[in-house]
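Residue-level structure breakdown
So you can see what is in the structure, the chains are spelled out below.
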Amino acid sequence: MYPAQALSDPAMAVVVLSILLTFAILFSFIWAFGKIREPPEERDDDHNGSGA
C-alpha cells in the first residue's frame, strides 16, 4: 500500500490530521511562551503611558 492510499482511508486521515494539529498547538505554545519571556520593546516617543 502506498502512503497516498493510506491517507485515502478516513480513519487514517483523521489520525494524521490530529497528529499534525497536536504538533501545531505544541509549537504555537512554545512560540507564545518565548514571546512572553522577551522584555518589552523600549519606545522613545512622547506618550510614555500618559493619558491624553
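Everything discussed here concerns the structure shown above.
Cut-offs applied
Residues numbered from 1 in each chain as written. Predicted model: local features only at pLDDT ≥ 70, side-chain atom pairs only at ≥ 80, totals over all residues. Heavy atoms only, no water. Helix = DSSP H or I, 4+ residues; strand = E, 2+ residues; numbered from the N terminus. Buried < 20%, exposed > 50% of the residue type's maximum accessible area, 1.4 Å probe, protein only. Areas by Shrake-Rupley, 256 points an atom, 1.4 Å probe, with all protein chains shown as cover. Patch = residues over 30% accessible without salt bridge, like charges linked within 9 Å, V, L, I, M, F, W, Y side chains within 5 Å. Salt bridge = Lys/Arg side-chain N within 4 Å of Asp/Glu carboxyl O. Phe/Tyr/Trp six-rings, centres within 6.5 Å; stacked < 30°, edge-to-face > 60°.

As for the overall build of the chain
A count of helical and extended segments in the chain gives 2 helices and 0 strands. Residues classed as buried in the chain amount to 2% of the 52 residues present. In the form shown here, the chain has an accessible surface area of approximately 5,300 Å², with 68% of it arising from carbon and sulfur atoms.

Here we look at a nonpolar patch on the surface
Together, M12, V15, I19, F23, L26, F27 and I30 line one region of the surface with nonpolar side chains, adding up to about 660 Å² of accessible area. Tracing the sequence through the fold places F27 in helix 2 (residues 10-37).

Overview of the pattern of salt bridges
Applying the stated criterion across every chain yields a total of 1 salt bridge. Between E38 and K35 there is a salt bridge; the shortest N-O distance is 4.0 Å.

A closer look at the packing of aromatic side chains
Applying the stated criterion across every chain yields a total of 1 aromatic pair. Ring geometry for F23 against F27: centres 6.3 Å apart, planes inclined by 20°, an arrangement best described as stacked. Taken together, the residues F23 and F27, both in helix 2 and 4 residues apart, mark about one turn of the helix. By relative accessible area, which is 44% here, F23 ends up partly exposed. Taking relative accessible area as the criterion, F27 reaches 52% and is therefore assigned exposed.

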